[in-house]
Amino acid sequence: MSSMLLRPYRKNLTTNGLIYLAGEEQPITIKNISITGVLAQLNSKVGKSDIKGIFNTLLASTIIDLYLPDMRLAGEVEVIRVDLQDDHILLALEFKNVAYDVNDLLYKRKAYRKNLPGTGHILFNGQYLEFNAVNVSVDGIMIRLAETVYVEVGVVTVFEFKQLGLEGEIKVIWVEHLSEGGTLMGLQYVHMEKTAIKGIPEFAWPKSA
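This one's a predicted model, so the numbers in the text were calculated from it and none came from an experiment.

Reading the values: rules and limits
- Residues numbered from 1 in each chain as written.
- Predicted model: local features only at pLDDT ≥ 70, side-chain atom pairs only at ≥ 80, totals over all residues.
- Heavy atoms only, no water.
- Helix = DSSP H or I, 4+ residues; strand = E, 2+ residues; numbered from the N terminus.
- Buried < 20%, exposed > 50% of the residue type's maximum accessible area, 1.4 Å probe, protein only.
- Contact = heavy atoms within 4.5 Å.
- Areas by Shrake-Rupley, 256 points an atom, 1.4 Å probe, with all protein chains shown as cover.
- pLDDT = per-residue confidence, 0-100.

**Quick look at the overall build of the chain**
Across its full length, the chain carries three helices and 13 strands. Within the chain, the proportion of its 209 residues that are buried is 41%. For the chain, the proportion of contacts with a sequence separation of at least 24, taken over those separated by at least 6, is 54%. Accessible surface computed for the chain: about 12,200 Å², of which carbon and sulfur atoms make up 51%.

**Remarks on unusual backbone geometry**
The backbone phi angle of Asn-125 is positive, close to 55 degrees, even though this residue is not glycine. Position of Asn-125 among the secondary structure elements: in the loop between β8 (119-124) and β9 (127-136). Judged by its relative accessible area of 73%, Asn-125 falls in the exposed class.

**Regarding the environment of His-177**
Here His-177 is to be found in strand β12 (residues 166-177). A residue is classified by how much of its surface remains accessible, and His-177, at 38% relative accessible area, is partly exposed. Each C-alpha atom, one on His-177 and one on Tyr-150, is 8.6 Å from the other, the two residues being 27 residues apart in sequence. For His-177, the residues in contact, after removing those within four places along its chain, are Thr-148, Val-149, Tyr-150, Gly-182 and Thr-183.

**Overview of the environment of Gly-75**
Its place among the elements puts Gly-75 in strand β5 (residues 73-85). Along the primary structure Gly-75 and Phe-95 are separated by 20 residues, whereas in three dimensions their C-alpha atoms are 8.1 Å apart. Once residues lying within four places of it in the same chain are set aside, the contact partners of Gly-75 are Ile-64, Asp-65, Leu-66, Asn-97, Val-98 and Tyr-112.

**Structural notes on the confidence of the model for the chain**
Averaged over the chain, the pLDDT score is 81; the fraction of residues at 70 or greater is 80%. Across the chain, β8 holds the top mean pLDDT of 95, while helix α1 (residues 2-6) sits lowest at 44. Long-range and interchain partners of residues 1-6, a stretch whose pLDDT sits below 50, account for zero contacts in this model, where long-range means more than four residues apart.

Here it is, written out as structure tokens:
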């Protein structure tokens, strides 16, 4: 009785979504959901060797990305259990950094943005400035600089973000000067191959027919 009270209530449902696992977006079906997480089934049939491959992938990190369009939910989850049932892999996923009501946001941005803190450098006014990444997508990156930087929207410059092995030209899309000091910027990649950005899912909002 006490164990039932401690476990969050799980509601059975069937809805489809995507996870980003082993460098690929993979379709899933949600079997049940609670306030703390979901039980997801990989749609493709697999064998025991595939479970071993997933375990090897999770040795680096148990945090993966999840997108459930029907539930308007996207973000990071942690894999806390992996099982094999009827030739399908089941993943118990715990919510870690999840945003709700994201459909309009994904439609406007075209691609999912992953929170990915890390430092990089960008060139403005003949000087390389250090930035902290806020989030990253296959289209661009949002950064924060400690300095108040004045730069025109539309300027193309160069940058590097070693955490993802990114470097090259980037375009300033918007600039916000913070009241407490510093600058936020939205940047779009220029002349960069989107598929080369390893570790970032697209989770693009599907176009209406």
